[in-house]
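Chain and residue survey
Okay, here's what each chain looks like letter by letter:
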Amino acid sequence: MKKISTIIVLLISLTVSSQIKTKPYWQQLKTDEYKGKQDDIYFLNERQGWYCNGSGKIYKTNNGGKDWNLCFEKKGTFFRCIGFADSLLGFAGNIGTDYFPDVTDTVPLYKTVDGGKSWEPVKYNGPVVKGLCAIQIYKEPIINSGKLNYKTHVFAGGRVGSPAFTLFSHDNGISFQSFDMSQYCKYILDIHFFNLKEGIICAASSEELQNSHALILSTEDGGKTWIKAYESTRPFELTWKQFFSSRNVGYVTVQSYDTLKTASQRYVAKTLDGGKTWKELPMVNDFEVREFGIAFENDNHGWVGAVPTGFETFDGGKTWEKSYMGPATNKIRIINKPNGTKEAIGIGVIVSENKSIIENGYDAIAAMRNAYSGGRWYKNFTFSQNTQFYNAEGKVQKTEVWHEAATFPGKLIIKFNTKNSKSGMIFENNKITVFKDSVQTMQRPMIHDLLLTAFDVYYLKPFETMHLLDSLGYDLKKVRQDVFDKRKVLVIGADKGDITSNQIWIDAERFYLHRVIYKQGKMTRDVTFSKYELIEKNWVAKKVMFYQDGKLNMIEDYFDIKFPQKIDPTWFESKNFNNLNLD
């Protein structure tokens, strides 16, 4: 608990030392751990937001997602969707019983009038609604006593797994009316109204998944009647989420559950006429992909949340590339900022924010991790190195060959001179163990600055890396631009001209490590990484140079570099060191 509190305090205390424009990246926000997909997030403005999940919990932020507080919990409830009309009035939908295990709550919709502190069941007229998957808050502009005002309308629909119902309010959430949608569809996954008359629903055509086609329904009479605007031709499909970047341009994710490996093409449906007609756009041909949320910041640039990872387009869906927002991002919200810019925040297994500005060290660490998310940085690494040690006069004192193996995060073994040597070191679980001639000579806690910043950063959560760096004395409030080895870099932790404070230099484009300066006892160590090469599509610095108090101390030249699929975890256990051969 103390560690979590420290992380939150650090996140809040980070101040802006500069704003550095960079290519967009997804930054994971600090939230409570949750197993599986979380379903909805809603922001009233750039600072105030809420999210909900299947454990019956609703969280709130007042600082743009930097930290979240649990404001409500109801066990047995699966909160699937959420929306707010203002800072006090909000609504949250429950999936209902007989679909997910441990859900005992039969109330489909809850209402708050105090910003989320307390929630009460919503009473409604009409047929019983089993559960809800989507909520839209529509603010109708009206003239009241000569002034522009807004009337709140609530449109809700559900559910996955059937049955299909809508639930509407046209009087600021005071009264609701439900409607049976079984004559039109069997699931309702999302709902969107352009005005009080025109709207669409994302749906499924059959209660039996093997017979279901992806379906989009449209209405022009406020939801009294619906017509089919789109239906896929393939079984095991449903439309999941929608997003309209403008009145005429909209996108819908087409979700497939077909078990045939040949049914691997994934599609997004797009409309250019406000939802009247739709065209399928191929997104990716990959059986492992399942689509979820979708959002666009304009007609051309947008994202799709999916498993195992998301996708991004810059040309209106003609082409797509992977986007590492976190797995199973179910809802992506676009926040309009006062300065006219837009920001995307997504929720799935994690909550993440799309950014293109580096404001502090935490942002830089998040960008570094995001650049190689999804297993794009090597997990296992073996190599040998020629190691030269230098004396105070700058002359070679001795030369050794070291043999090393690592599994990230946090595990590294070094054998001196031979691969079955009885002398060397093990770094594991933030401790170091040293061996000499078969004897363990030392073991103590140690956070390895180089292992952390060159490798572990790609596997630890950004706030975990931040916590470790803060404990080592790196000032994460500071970040600036510089040049190193003819490449643009981001420098975390030190001002221009300061070469004694703890600091990290990372490539501004490729986001690998160039330099680390850190205190080790009374000494200042300056370690540089150079001669980067792409080896089996992996970036490796083949030369590492160590300076101690400004003088060259050691040079490592890497060779015999490999990236094995697996490394036996017992290699990093101290009891096995003497009997281990790294061949």
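Cut-offs and rules
Residues numbered from 1 in each chain as written. Predicted model: local features only at pLDDT ≥ 70, side-chain atom pairs only at ≥ 80, totals over all residues. Heavy atoms only, no water. Helix = DSSP H or I, 4+ residues; strand = E, 2+ residues; numbered from the N terminus. Buried < 20%, exposed > 50% of the residue type's maximum accessible area, 1.4 Å probe, protein only. Contact = heavy atoms within 4.5 Å. Areas by Shrake-Rupley, 256 points an atom, 1.4 Å probe, with all protein chains shown as cover. Lys, Arg positive; Asp, Glu negative; His and termini not counted. Charge placed at Lys NZ, Arg CZ, Asp CG, Glu CD. Core = buried A, V, L, I, M, F, W, Y, C linked by side-chain atoms within 4.5 Å. pLDDT = per-residue confidence, 0-100. Pairing = 2+ DSSP bridges.

Some remarks on the overall build of the chain
- A tally of regular secondary structure across the chain gives 4 helices and 41 strands.
- Taking the principal axes of the C-alpha coordinates as reference, the chain spans close to 85 × 55 × 45 Å.
- Here the chain, with 583 residues, has 57% of them falling under the buried criterion.
- Taking as baseline every contact in the chain between residues at least 6 positions apart, the subset at least 24 positions apart corresponds to 48%.
- Total accessible area on the chain stands at roughly 25500 Å², and carbon and sulfur atoms take up 51% of it.
- Charge separation in the chain, taken as the distance between the mean sites of 75 positive and 65 negative side-chain charges, equals 2 Å.

Quick look at the nonpolar core
- Phe381, Leu513 and Phe529 are the most contacted members of the largest nonpolar core, which totals 64 residues.
- It is helix H2 (residues 361-371) that contributes the most residues to this core, 7 residues altogether.
- The contacts of Phe381, once residues within four sequence positions are left out, are Glu404, Ala405, Ala406, Phe408, Phe455, Val540, Ile561, Lys562, Phe563, Pro564 and Ile567.
- Counting residues in hydrophobic clusters, the runner-up holds 27 residues, among them Trp50, Cys52, Ile58 and Phe84.

Here we look at the confidence of the model for the chain
- Averaged over every residue, the pLDDT of the chain is 95; residues scoring 70 or more account for 97%.
- When the criterion is pLDDT under 50, residues 1-17 qualifies, and its contacts beyond four places in sequence or with other chains add up to 30 contacts.

Topic: the pairing of strand E7 (residues 90-94)
- With 5 of 5 residues buried, E7 is to be regarded as a mostly interior element.
- With burial as the criterion, each face of E7 is covered, one bearing Gly90, Ala92 and Asn94 and the other bearing Phe91 and Gly93.
- Counting the residues that bridge the hairpin from strand E6 (residues 79-84) to E7 gives 5 residues.
- Bridge count between E7 and strand E8 (residues 109-112): 4 bridges; the pairing is antiparallel. When the sheet's bridge partners are listed, Gly90 is paired in E8 with Thr112.

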